[in-house]
Amino acid sequence: MVLLVTSDVIATLIAEAAKAAPEECCGLLLGRQGCVETAMPTANLAADRLRHFEIDPAALFAAHRAARAGGPELIGYFHSHPSDHPVPSATDCQHASGDERAWAIVADGRVAFWRDGAGGFEPLSYEVVDG
């Protein structure tokens, strides 16, 4: 499966990571029919935002409610690694849920996508589309 991601989303992810540095940014990936159309930044509620992220549960619940009401689907999540590579860290792997959602990890101006599968993170191919 190839995930479709708009160019605006890629730009938002890179901008949010740069704005939050040296802390980690985080947020939600929203869209329809396998296309990520929006990267919605959320507050990072982690105690140590320099090394961890925690998506604001209120934003997550609101996204689920909006999807149930016909709004965009929650396709996945994003966060940054300000001083590392765009690959899942040991902490990311410990917190993975196996929910099959996409994770975008931003580092050093690059974005990589991963599928949170039952067996752990797997690289997720993506295609950038106009948007």
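As shown above, the structure is provided for reference.
Quick caveat: nothing in here was measured; it's all calculated off a predicted structure.

Chemist: I keep staring at helix H2 (residues 57-68) and nothing clicks. Help me out?
Modeler: Along an α-helix, a turn takes 3.6 residues, which lines up residues three or four apart on a common side. Helix length check: H2 (twelve residues) gives 17 Å between terminal C-alpha atoms against 16 Å at 1.5 Å per residue, within 8%. The N-capping residue of H2, defined by a side-chain oxygen 3.0 Å from the backbone nitrogen of Ala58, is Asp56.

Chemist: Explain the packing of aromatic side chains to me, please; I cannot follow it from the model alone.
Modeler: The relative placement of two aromatic rings is captured by the distance of their centres and the angle of their planes. Overall, the coordinates contain four aromatic pairs when judged by the stated rule. Summarising the aromatic geometry, the rings of Phe53 and Trp103 are spaced 6.0 Å apart at their centres and angled 80 degrees between planes, so their arrangement reads as edge-to-face. Residue Phe53 is located in the loop between strand E3 (35-42) and H2, and its partner Trp103 is located in strand E5 (residues 102-107); the two are separated by 50 residues in the primary sequence. With a relative accessible area of 6%, Trp103 lands in the buried category.

Chemist: Just to check I follow, could you spell out unusual backbone geometry for this structure?
Modeler: With glycine set apart, most residues show a phi of negative sign, and most peptide bonds adopt trans. Residue Ala21 is joined to Pro22 through a cis peptide bond whose omega torsion reads 15 degrees. In this structure, Pro22 sits in the loop between helix H1 (7-20) and strand E2 (26-32). In this model, Gln33 sits at a positive phi of 50 degrees, which is unusual for a non-glycine residue. Summarising the element assignment, Gln33 is placed in the loop between E2 and E3. You will see that Asp108, though not glycine, has its phi angle at about 55 degrees, which is positive. One can find Asp108 in the loop between E5 and strand E6 (110-117).

Calculation notes
Residues numbered from 1 in each chain as written. Predicted model: local features only at pLDDT ≥ 70, side-chain atom pairs only at ≥ 80, totals over all residues. Heavy atoms only, no water. Helix = DSSP H or I, 4+ residues; strand = E, 2+ residues; numbered from the N terminus. Expected span 1.5 Å × (residues − 1). Polar contact = N/O pair within 3.5 Å; in protein donor to acceptor, adjacent residues only side chain to side chain. Phe/Tyr/Trp six-rings, centres within 6.5 Å; stacked < 30°, edge-to-face > 60°. Buried < 20%, exposed > 50% of the residue type's maximum accessible area, 1.4 Å probe, protein only.

Shape is all these values report; function is a separate question.
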